[in-house]
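Structural features, examined
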Amino acid sequence: MSRAHAESVIKTIIREIVQECAVRGLSVSDTLVAFMVKAVVLDPRNGFNVDRTLTKQDIQKLEELCLDKLMQQCSPSLDTIKMQVYFDMNYTSRREFLEEIRQLLESRLSPVSREITDSRVKTREELDALYRKIVTYIQLRSSMGSPTDVPTVQEATAALQSVFPQTELGTFMVLLKRDKEQQLSELSMIVSGIQLFNKASKKGGEDTNLHGLMPEILNEALPVTSKSIENELSVSQSLAWKYTAVLERLTQPDSQPADCDVPIVLLKQALYNVRQHEVFLKMLLADARSCAKHVEILQTELSSQLRLLKETVQSKTAVPTAKVFPLFKSLSKAWCGLQDEAELLNVLGNIMHNLQPFVASQAKIFSEAYLDGLLEASEVKTDQQRMTESSGERIVPAEMKTQEWLLPETTASFNELPLQYDGVCGYTLVSRDGLLLPGNPHIGVLKHQEKLYVFRSKEAALTFASSPDNFITEVAEKAKQSPELIQLLKLHQQFSCVSPYPEMQPGESLLVKPITKCESGTQTDLHPVETNIVKSYEWNEWELRRKAIKLADLRTKATRSMQTDLSHMRRENATQTWLPKDAACQSKRDGESNVPKPQTYLAGLRGQRDRHVVKTNLTRSVDE
């Protein structure tokens, strides 16, 4: 089966499941269905053998299993998968977030910009209307007031008239559309800078109160977003520590039989749910703190630009535009940066609020009182406490020379190492049937097949290192049974080669080998042996041919010299020329030929009847 045909078959399966879910009253995305199909195929309990061809019954069974999982009510596992899909589709890097924010602003301003650049005014009223549109465009772009607020409009109009009087609209109209758009952008930056400067000047004083100059949306979002994310993170972490303590007690080898009535599977799914929520909240919190740092930098820049502007225009009746306009643009640029940070904070806050429904099912199944009852006298330890307890243990590389260990004393940037399983102890995950416990890198980091593993204790590290391949395989099996672990433990690369093809040709299987690529390069010294460099060497035969033709052409050239007052009587000058040759050119001689001019007369043409006409030839010879 070709890859294109396999992809079309996969899309058909996904489309059928989406349609069936819609019939049953559930709206699901194609991405969620595709992930669920892959999860069902990977789970060994479903009986899909990747080495044999799927039949129609297998396809029907695959669709039914996917529908059953998607239609589950109050399932922490399904909510975790939905949370992962939502986050992947809505979260991106800071740079891409800012690009999307700017593109959204440009799309909102494009109708107003198009009206201005495409207008063909003829009357005075149309000119006034066009000028008002330019003021509206500047206000919308700078977000320094509503276009319906009369004082703000008057302030923006006055600022625009100081740099772009209405009398210059005629010059603006004859520009090309591209030049009009560029001038509109520059006018917006200059006018915004003027408005900010005027606003700061009205407050007076040497030290400008930057809080009053900040965008309103930033003043609202900056103190709230980080605090809200921190509160949500605190709740998720406390739940994760409680679930971990309960499961740690229930999965001990000497646990009592009375504990068998406890839904351990659901407890593990709830733990995965809150741990995934914790991971996403940490990412959002890091971005929110990054926004706060950028706001501080932009505030400092804004303050310095205002101070420089005040020094430039202070007690001066006129200032050159070439000197003051760049300062206004820099001021506007800092203001726009603050607006971008405010929009980004709002986006992060919206993502945080949209993640909350995905942790509702575990809270509904396991209440705080129920968890406290399961804990009994068990101590709830934080991740930091677990790290502190195991900090005294340390791997001695001499104890196991067959493996490579990384230690804090001998490894640069130790805290920034890319750890496998996102820092979770793989040994505990296998030995405790899916329990997630954070590993402590200070015990020692195992480097196996260019991957780094951490463990919660020295004993776990030595046991894992004795047969790492077996434990890695067992972790993969745990992830197949709980598909939410694939993203939580960052196992995408390990499972990227399996594709749920519903229809296969004889001899083909579900296991599709990935196309592996590797970037490699070598670095050598430039000209290792300097003495063997031949400066005149040419590898191009056409370049050699060109030089040969140039040399052959010299024989037709003459050498000239010139003597000046400074060079005469210093050396002998000689000029070599080719002696002139006697040359003659022979051409054809001019020749001509004459013919006689015929002269013939006819007599008897008039006044006679029945008489013959007499013809007389008076042509003279050429020789006469």
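Residues numbered from 1 in each chain as written. Predicted model: local features only at pLDDT ≥ 70, side-chain atom pairs only at ≥ 80, totals over all residues. Heavy atoms only, no water.

Comments concerning the packing of helix α5 (residues 94-118) against helix α6 (residues 124-142)
Where we set the bar: Note on definitions: angles span 0 to 180 degrees between N-to-C directions of axes, and those axes are lines fitted to C-alpha atoms, for helices only across the stretch in contact. Numbering of helices and strands starts at the N terminus; helices are DSSP runs of H or I of at least 4 residues and strands are runs of E of at least 2. Under this scheme an angle from 65 to 115 degrees is roughly perpendicular, one under 35 degrees roughly parallel, and one over 145 degrees roughly antiparallel; angles in between are oblique. Residue contacts follow a heavy-atom distance rule, with two residues in contact if any of their heavy atoms lie within 4.5 Å. Ten residue types, Ala, Val, Leu, Ile, Met, Phe, Trp, Tyr, Cys and Pro, are classed as nonpolar, four, Asp, Glu, Lys and Arg, as charged, and the remainder, Gly among them, as polar.
The N-to-C vectors of α5 and α6 enclose an angle of 170°; their axes lie 10 Å apart at closest approach. Considering the angle they form, α5 stands roughly antiparallel to α6. On α6, the residues touching Leu105, Glu106, Leu109, Val112, Ser113, Glu115 and Ile116 of α5 are Leu130, Lys133, Ile134, Tyr137, Leu140 and Arg141. Here the contact of α5 with α6 is built from residues that sort into eight nonpolar, one polar and four charged.

Considerations on the sheet that holds strand β2 (residues 445-448)
Which entries qualify depends on this criterion: Any two strands between which DSSP finds at least two bridges are classified as paired.
With antiparallel pairing, three strands are arranged side by side in an open sheet as β1-β2-β3. Each edge of the open sheet is held by one strand with a lone partner, namely β1 (404-406) and β3 (451-453). For this sheet, the mean inter-axis angle between neighbouring strands, taken without regard to orientation, is 35°. Of the pairings in the sheet, the one linking β2 to β3 comprises three bridges and is antiparallel in character. Paired with Lys447 across the strands is Leu452, a residue of β3.

Looking at unusual backbone geometry
What counts, and what does not: Buried residues are those whose accessible area, probed at 1.4 Å on protein chains only, stays under 20% of the maximum for their type, while exposed residues exceed 50% and partly exposed ones sit between those limits.
Its identity is not glycine, yet Cys74 carries a phi of approximately 55°, on the positive side. Residue placement: Cys74 occurs in the loop between α3 (56-70) and α4 (76-90). Classification of Cys74 as partly exposed rests on a relative accessible area of 34%. One non-glycine residue, Tyr421, lies in the positive phi region at around 60°. Its location among the elements puts Tyr421 in the loop between β1 and α17 (426-431). Overall, Tyr421 belongs to the buried group, its relative accessible area being 3%.

As for the packing of aromatic side chains
Put simply, the rule reads: Pairing of aromatic side chains requires ring centres within 6.5 Å, counting the rings of Phe and Tyr and the six-membered ring of Trp. Pairs whose planes differ by under 30 degrees are stacked, by over 60 edge-to-face, and all others tilted.
This model, assessed by the stated rule, comprises 14 aromatic pairs. Ring centres of Phe87 and Tyr91 lie 4.7 Å apart, and the angle between their planes is 15°; this geometry places the pair in the stacked category. Using a relative accessible area of 3% as the deciding quantity, one classes Phe87 as buried. Among the aromatic residues, those joined into a cluster by ring pairs are Tyr421, Tyr427, Tyr453, Phe455, Phe464 and Phe471.

Looking at the confidence of the model for the chain
This is how it is decided: Residue-level confidence of the predictor is summarised by pLDDT, bounded by 0 at the bottom and 100 at the top.
Mean pLDDT over the chain stands at 82; residues scoring 70 or higher make up 87%. Low pLDDT, under 50, characterises residues 497-516; the stretch is placed with 49 contacts to residues that sit more than four places away or in other chains.

Observations regarding the pattern of salt bridges
Where we set the bar: Any Lys or Arg side-chain nitrogen found within 4 Å of a carboxyl oxygen on Asp or Glu counts as a salt bridge.
Summed over the entire model, instances satisfying the criterion amount to 25 salt bridges. Close ionic contact of Lys242 with Glu368 constitutes a salt bridge, the shortest N to O distance being 2.8 Å. One end of the pair, Lys242, is in helix α11 (residues 216-250); the other, Glu368, is in helix α15 (residues 368-375), with 126 residues separating them in the sequence. A salt bridge links Arg275 to Glu278, with the shortest nitrogen-to-oxygen separation between them at 3.0 Å. Here Glu278 and Arg275 lie together in helix α12 (residues 264-313), a separation of three residues that amounts to about one turn. A network of salt bridges, in which partner residues are shared, links Arg275, Glu278, Lys282 and Asp383.

Topic: the packing of α11 against α12
Packed helices, taken two at a time, are described by their axes: the angle between them and the distance between them. Quick reminder of the rule: Rotating anticlockwise by less than a right angle from the far helix to the near helix defines a left-handed crossing, while the corresponding clockwise rotation defines a right-handed one.
The contact between α11 and α12 brings their axes to 8 Å, and the two run at 155°. On the basis of their axis angle, the class for α11 and α12 is roughly antiparallel. By crossing handedness, the relation of α11 to α12 is classed as left-handed. Looking at the contact of α11 with α12, its residues break down into 22 nonpolar, five polar and seven charged.

Brief notes about the side chain of Ser390
So the rule is basically this: The definition of a polar contact used here is a pair of N or O atoms within 3.5 Å, where within protein one atom must be able to donate a hydrogen and the other to accept one, and adjacent residues in sequence count solely through side-chain atom pairs.
The topology assignment puts Ser390 in the loop between α16 (383-389) and β1. Given a relative accessible area of 5%, Ser390 falls into the buried group. A polar side-chain atom of Ser390 sits 3.1 Å from the main-chain carbonyl oxygen of Arg386. Those residues in contact with Ser390, other than ones at most four positions away along the chain, are Asn440, Ile443 and Arg456.

Some remarks on the side chain of Asp340
As for its position among the elements, Asp340 is in helix α13 (residues 321-355). Looking at Asp340, the relative accessible area reads 13%, which means it is buried. Filtering out sequence-adjacent residues up to four positions away, Asp340 remains in contact with Leu98, Ile101 and Arg102.

A closer look at a nonpolar patch on the surface
What counts, and what does not: Each patch is built from residues lacking any salt bridge and having more than 30% relative accessible area; the joining distance is 9 Å for like charges and 5 Å for nonpolar side chains (Val, Leu, Ile, Met, Phe, Trp, Tyr). Exposure was quantified through the Shrake-Rupley algorithm and a 1.4 Å probe, taking into account, for residues, occlusion by the shown protein chains and nothing else.
The grouping of Val534, Tyr537 and Trp539 at the surface amounts to a nonpolar patch, some 440 Å² of accessible area in total. With respect to the secondary-structure elements, Tyr537 resides in the loop between α21 (492-495) and α22 (541-552). Residue Tyr537 is classed as exposed on the basis of its relative accessible area of 58%.

Some details on the nonpolar core
Quick reminder of the rule: The criterion is simple. A nonpolar core is a set of buried Ala, Val, Leu, Ile, Met, Phe, Trp, Tyr and Cys residues joined through side-chain atoms within 4.5 Å.
Core analysis: the biggest nonpolar cluster contains 65 residues, and Ile116, Ile134, Leu160, Phe164, Leu284, Ile351 and Leu355 have the highest contact counts within it. It is α13 that contributes the most residues to this core, 14 residues altogether. With sequence-adjacent residues up to four places away left out, Ile134 is seen in contact with Ile116, Leu160, Phe164, Leu169 and Leu184. Judged by nonpolar contacts, the second largest core, of 49 residues, contains Leu247, Leu271, Val424 and Phe471.

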